[in-house]
Amino acid sequence: MRLDLRTAALSAALGLCVTSFACTPAPETNDTFFTFSGGSTTANTSGDGDGDEETGDGDGDGAPDTCGDGVVDPGEQCDLGPANSESGQCTPVCTIATCGDGFVYPEYEECDDGNTDNTDDCVAGCKLATCGDGFVHEGVEECDDGNDNDADGCTSTCELGTCGDGIVQPGEQCDDGNDDTTDDCPACQFAYCGDGYVHEGVEECDDGNDIDTDGCITTFCTINVCGDGYLYEGVEACDDGNLDDDDACPSTCEHAFCGDGFVHDGVEECDDGNNVSNDGCDEFCVLECAGMILVDSWNGYTYWKVPVAGILSDTNVQAACAECGMTPPCAGPAGCSYNDNICTQTNNEGSCGNPMQAMAQLLCNTNPGQCALVWGVYQYMGQNWISGAACGAEQNGWCTNGNNMSNKFALCVAP
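Computed from a predicted structure; not experimentally measured. (Residues numbered from 1 in each chain as written. Predicted model: local features only at pLDDT ≥ 70, side-chain atom pairs only at ≥ 80, totals over all residues. Heavy atoms only, no water.)

Some remarks on the overall build of the protein chain
Here is step 1: Tallying secondary structure elements over the protein chain gives four helices and twelve strands in all.
Here is step 2: Buried positions account for 39% of the 415 residues belonging to the protein chain.
Here is step 3: Here the analysis covers contacts within the protein chain between residues at least 6 apart in sequence; of these, 32% occur between residues at least 24 apart.
Here is step 4: Only carbon and sulfur atoms are counted for the fraction: they give 50% of the accessible area of the protein chain, which is about 20200 Å². (Helix = DSSP H or I, 4+ residues; strand = E, 2+ residues; numbered from the N terminus. Buried < 20%, exposed > 50% of the residue type's maximum accessible area, 1.4 Å probe, protein only. Contact = heavy atoms within 4.5 Å. Areas by Shrake-Rupley, 256 points an atom, 1.4 Å probe, with all protein chains shown as cover.)

Okay, here's the thing in structure tokens:
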């Protein structure tokens, strides 16, 4: 040990071990300081050996008057005369140099501040404070665990491990070195649906809970919308997982009712979006016209023949359909010159200029003039045929001028 060598060397030089002192080895620790006095070893917290927390000659009253005369007198541990030195083996107060006496012995000590405080510049063993010495240097270091393991909460630079430092610390699942909460590692935990952070490109939302009745559905962190099958509490009255408008929960996600504008299949005959009678669809969603069905559900449309009072002009045909809550079908496919924005494009008539041809084929496997089921029925022509006349089917006649006929039927459709 350092103290053994220093004490023995000094004592041998002074002849102390034989005549004045017992030489006792210093403990193998630097947590406390030791001096030698009269043959016993005394531990203290200041370094002078008399317990009065003063640095000096060991008896609490400063250096003896004879200190420095070259003779080891009672109360002195050593005396080298003029060779006594703050940096030597024998201090100016005639005590053997030891860690904690407040004097720096350069050959063996880096520092000596005369105290046991391990949070200042000079720590146990009279070493200068350094990162990794196991002592936290106050005001300089955040931590010091005496090792160079960066992943144990205290890094090798004596800084506390934090989320975002790029090192996975205890309690962290990941650490990508940033504070971005939209990537795979938000708040140093692996991203998952329900963590409260929206994972960019993966999640539409993330409200941090497992509730499926609010604005964000937990299963895949998707925004709750009408038709997804999840009831959005306080926003939707129903949600059956589809956007069909003919069932009990239409695309508004409100319970179907008469007057909502959607025809509830098997429940309503019509629904014109109001509860007013005498407009073709009465307040109970029952058709008010005296028409009859020609074709039931042809590619999603029902074809009616509806009575027309007066001549069979396009204007009167369209009005008759409207009174029944219906519209006239378009005479031909998209782009046909006899179509306009009033008729409904059903895509059932495949040619332009041959109105009701496909329907007659469907009903009678012949043309309209030979199909008795459509005799007296007139097709809307988009105000673009013979002075706004509708085109009619009569026995052995096809495209009869409606302006020359009265009190026949209009061809109407309803979805």
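Next, the rest of the story.
Some thoughts on the packing of aromatic side chains
Here is step 1: Summed over the entire model, instances satisfying the criterion amount to two aromatic pairs.
Here is step 2: Aromatic side chains Trp-298 and Tyr-303 sit 5.1 Å apart centroid to centroid with 45° between the ring planes, which places their arrangement in the tilted category.
Here is step 3: Exposure remark for Tyr-303: the relative accessible area of 3% places this residue in the buried category.
Here is step 4: Looking at Lys-305, its charged tip hangs above the ring of Phe-409, at a distance of 4.6 Å from the centre. (Phe/Tyr/Trp six-rings, centres within 6.5 Å; stacked < 30°, edge-to-face > 60°. Lys NZ or Arg CZ within 6 Å of the ring centre and 35° of its normal.)

Some points on the pairing of strand E11 (residues 397-401)
The side chains of a regular strand alternate, residue by residue, between the two faces of the sheet.
Here is step 1: Looking at chain direction, strand E10 (residues 391-394) and E11 are connected through four bridges and run antiparallel. When the bridges of E11 are listed, Gly-392 appears paired with Thr-400.
Here is step 2: Between the antiparallel neighbours E10 and E11 lie two residues, among them Asn-396 with a positive phi of about 60°. (Pairing = 2+ DSSP bridges.)

A closer look at the state of the cysteines
Put plainly, a disulfide is one covalent bond tying together the sulfur atoms of two cysteines.
Here is step 1: All chains considered together, the criterion is met by 19 disulfides.
Here is step 2: A disulfide bridge connects Cys-111 with Cys-122, and the sulfur atoms are separated by 2.0 Å. Across the disulfide from Cys-111 to Cys-122, rotation about the S-S bond amounts to roughly 90°, and the bridge is consequently right-handed. With Cys-111 in the loop between strand E2 (40-44) and strand E3 (122-123) and Cys-122 in strand E3, this residue pair connects regions lying eleven residues apart in the sequence. Here Cys-111 matches Cys-122 in class, with each residue buried.
Here is step 3: With a sulfur-sulfur separation of 2.0 Å, Cys-270 is cross-linked through a disulfide to Cys-281. In this structure the cystine formed by Cys-270 and Cys-281 twists about its S-S bond by roughly 95°; its chirality is therefore right-handed. One end of the pair, Cys-270, is in the loop between strand E6 (222-223) and strand E7 (292-298); the other, Cys-281, is in the loop between E6 and E7, and eleven residues separate them in sequence. (Disulfide = S-S within 2.5 Å.)

Some points on helix H3 (residues 314-323)
Here is step 1: Residues of H3 that are buried: Asp-314, Val-317, Ala-320 and Cys-321. Around the axis of H3, the buried residues are gathered within 130° of arc, so they sit on the same side.
Here is step 2: Following H3 by one or two positions, Gly-325 adopts a phi angle in the positive range, close to 75°. (Arc of directions from axis to C-beta.)

Concerning unusual backbone geometry
Here is step 1: Here Cys-94, not a glycine, exhibits a phi torsion of approximately 60°, which is positive.
Here is step 2: Here Cys-94 is to be found in the loop between E2 and E3.
Here is step 3: For Cys-94, a relative accessible area of 0% corresponds to the buried category.
Here is step 4: Backbone geometry at Cys-285 places phi at a positive 60°, although glycine is not the residue there.
Here is step 5: Counting through the fold element by element, Cys-285 comes out in the loop between E6 and E7.
Here is step 6: Its relative accessible area of 1% is what places Cys-285 among the buried residues.

A word on the confidence of the model for the protein chain
Here is step 1: Summing up the model confidence of the protein chain, the mean pLDDT is 85 and the portion of residues at 70 or higher is 84%.
Here is step 2: Ranking the elements of the protein chain by mean pLDDT puts helix H2 (residues 16-19) last with 32 and strand E9 (residues 377-379) first with 98.
Here is step 3: For residues 1-61, every residue scores under 50 in pLDDT, and the model assigns this stretch 120 contacts once sequence neighbours within four places are set aside. (pLDDT = per-residue confidence, 0-100.)

Describing the pattern of salt bridges
For side chains bearing opposite charge, pairing can occur when the charged atoms are close.
Here is step 1: Within the structure shown, the criterion is met by one salt bridge.
Here is step 2: The salt bridge involving Lys-408 is made with Glu-394; its shortest N-O contact spans 3.7 Å. You can see Lys-408 sitting in the loop between E11 and strand E12 (409-414) and its partner Glu-394 sitting in strand E10, a full 14 residues away along the chain.
Here is step 3: For Lys-408, a relative accessible area of 23% translates into the label partly exposed. (Salt bridge = Lys/Arg side-chain N within 4 Å of Asp/Glu carboxyl O.)

A word on the nonpolar core
Side chains of nonpolar character tend, in soluble globular proteins, to be buried together.
Here is step 1: Trp-304, Val-306, Val-317, Met-326, Ala-410 and Cys-412 are the most contacted members of the largest nonpolar core, which has 22 residues in total.
Here is step 2: Sorting the residues of this core by element identifies strand E8 (301-307), H3 and E12 as the ones contributing at least two each.
Here is step 3: Counting residues in each nonpolar core, the second largest holds 13 residues, with Trp-298, Ala-360, Ala-393 and Val-413 among its members. (Core = buried A, V, L, I, M, F, W, Y, C linked by side-chain atoms within 4.5 Å.)

A short note on the sheet that holds E10
Across a sheet, strands are paired by hydrogen bonds formed along the backbone, either parallel or antiparallel in direction.
Here is step 1: Overall, mixed pairing links the six strands, which are arranged E7-E8-E12-E9-E10-E11 in an open sheet. Since the sheet does not close on itself, it has two edges, and those belong to E7 and E11, each with one partner. Averaged over all pairs of adjacent strands, the angle between their axes in this sheet comes to 35°, without regard to strand direction.
Here is step 2: Packing against the sheet, helix H4 (residues 357-364) makes contact with E7, E8, E11 and E12, and its axis sits at approximately 95° to E7. (Axes fitted to C-alpha atoms, helices over the stretch in contact; angles between N-to-C directions.)

So, the side chain of Asp-314
Here is step 1: Here Asp-314 is to be found in helix H3.
Here is step 2: For the buried residue Asp-314, which engages in no salt bridge, the nearest side chain bearing the opposite charge is Lys-408, 16 Å off.
Here is step 3: In this structure the side chain of Asp-314 is engaged in a polar contact, spanning 2.9 Å, whose partner is the backbone nitrogen of Met-381.
Here is step 4: A distance of 2.7 Å separates the side chain of Asp-314 from the backbone nitrogen of Gln-383, its partner in a polar contact.
Here is step 5: With residues near it in sequence (within four places) discarded, Asp-314 still touches Gln-379, Tyr-380, Met-381, Gly-382, Gln-383, Asn-384, Gly-388, Ala-389 and Ala-390. (Lys, Arg positive; Asp, Glu negative; His and termini not counted. Polar contact = N/O pair within 3.5 Å; in protein donor to acceptor, adjacent residues only side chain to side chain.)

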